[in-house]
Amino acid sequence: MTFEEIKNYIAEHYPSLSDLDFDKSASDKALEVTADKLIDLMSVLYADSALKMDNLILISAVDDFNGEKIIIEDGSTVMKGGTLSVYYHLESLSLRHKFNVVVRVPRESPDVPSVTFIWGGANFNEREGYDMIGINFVNHPNLTRILMPYDWEAGYPLRKDYKNPEFYQGMKVPY
Amino acid sequence: MGLLDQKFENENIVITNLEDLLNWSRLSSLWQVGFGLACCAIEMMATSASHYDFDRFGVIPRPSPRQSDIIIISGTVTLKMATRVKRLYEQIPDPKYVISMGSCANCGGPYWEHGYHVLKGVDRIIPVDVYVPGCPPRPEALLEGLLKLQEKIRNESLVRNAS
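Residues numbered from 1 in each chain as written. Chains lettered and ligands numbered in written order. Predicted model: local features only at pLDDT ≥ 70, side-chain atom pairs only at ≥ 80, totals over all residues. Heavy atoms only, no water.

Chemist: Give a detailed account of the side chain of S76 of chain A, specifying residues and quantitative values.
Modeler: For S76 of chain A, the position within the fold is in the loop between β4 (68-71) and β5 (77-80). If near-sequence neighbours (up to four positions away) are discounted, S76 of chain A is found in contact with I70, I71 and K163 of chain A. (Helix = DSSP H or I, 4+ residues; strand = E, 2+ residues; numbered from the N terminus. Contact = heavy atoms within 4.5 Å.)

Chemist: Pulling in residues and values, what's your account of unusual backbone geometry?
Modeler: Residue P95 of chain B follows D94 of chain B across a cis peptide bond; omega there is -10°. Looking at the element boundaries, P95 of chain B is found in the loop between α3 (79-91) and β6 (97-101). The step from C135 of chain B to P136 of chain B runs through a cis peptide bond, and the omega angle for that step is -15°. Inspection of the secondary structure assignment puts P136 of chain B in the loop between β7 (130-132) and α5 (139-154). Despite not being glycine, N139 of chain A shows a phi value in the positive range, around 70°.

Chemist: Before we move on, can you summarise the packing of helix α2 (residues 39-48) of chain B against α5 of chain B with the specific residues and values?
Modeler: Packed helix pairs are characterised by how far apart their axes lie and by the angle those axes make with each other. Residue and element names in this part refer to chain B. Contact geometry for α2 and α5: axes closest at 9 Å, N-to-C directions at 75°. Considering the angle they form, α2 stands roughly perpendicular to α5. For the pair α2 and α5, the contacting residues are E43, M44, A46 and T47 in the first and P139, L142 and L143 in the second. (Axes fitted to C-alpha atoms, helices over the stretch in contact; angles between N-to-C directions. Parallel < 35°, antiparallel > 145°, perpendicular 65-115°, else oblique.)

Chemist: Kindly report on α2 of chain B, identifying the contributing residues and their values.
Modeler: For the α-helix, the turn length of 3.6 residues means that residues three or four positions removed from each other point alike. All names here are of chain B. Taken as a whole, α2 has its buried residues at C40, A41, M44 and T47. Here the buried residues of α2 occupy an arc of 110° about the axis, which is enough to place them on one side. Along α2, the residues that are exposed and aim more than 90 degrees away from the buried face are C39 and I42. For α2, the elements touching its buried residues are β3 (32-33), β5 (70-74), β6, α4 (102-107) and α5. (Buried < 20%, exposed > 50% of the residue type's maximum accessible area, 1.4 Å probe, protein only. Arc of directions from axis to C-beta.)

Below, the structure written as structure tokens:
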């Protein structure tokens, strides 16, 4: 099925998910969903016999950087408000079609329910999203840093207003 | 070089001094820690393999730092790895030597500006004897670095500081 066919199929068979629209800004279309409806939608995509999204290719977290830019004393920019996004790339190996889902959450409270209980492979992807962007995946079995050191306290490196610390464990970090 | 330029008094007897003998024996069996970090480690493995044959200089990878004399820092030292590298170095018994291999280990390499996770040069945590430039260095360059290290060991002395 194509993206539109899947979207129409969901709207037709699941009335509670019928008001979802796709994100027009992305080059690859993605169905936009709120965090509280994410698990409903993902369960449908996984379990429905006409959809059968048995493979979660990738979860990628993105800093949209669309809030209010505040310039602080030292000349650097700090972002206030706006959103962070999480993109889910799904695929059905048996039915040979793909589908994308995006969920947007506020920067100040980026809570997204974990999908590890549906796709076990989401585990490390979500840990990376937490480590790099700071998405809080609720109900994740082990939401700890995966790439950075476990005791890294300087924040989330791929946020656009991230600032690297001067020292880590006595080692100078800048060049 | 070695003991061949020393005086031959009799058949099968070479007269030399203790310092030269100790230095010669040490520089001829530099066992390295079997340890690689990134793409430089591939070149290091190629150097160990039959074509370039690190073994002819007495360089054998050892599975434990406690049996080793040198450590080749072959690749990007991330901040997370830096504490482990330091521990490995501390476990090597004295006298010990460090070869920093490649741009990343020398100074951070391509990560010098935006590498939030990279230690900008392994000499910030452990002392380095020889820097081998390159990205990654060819096996010939690593061999040259090892010869430089051997030269350094050959000039060491028990009673005066090596310069």
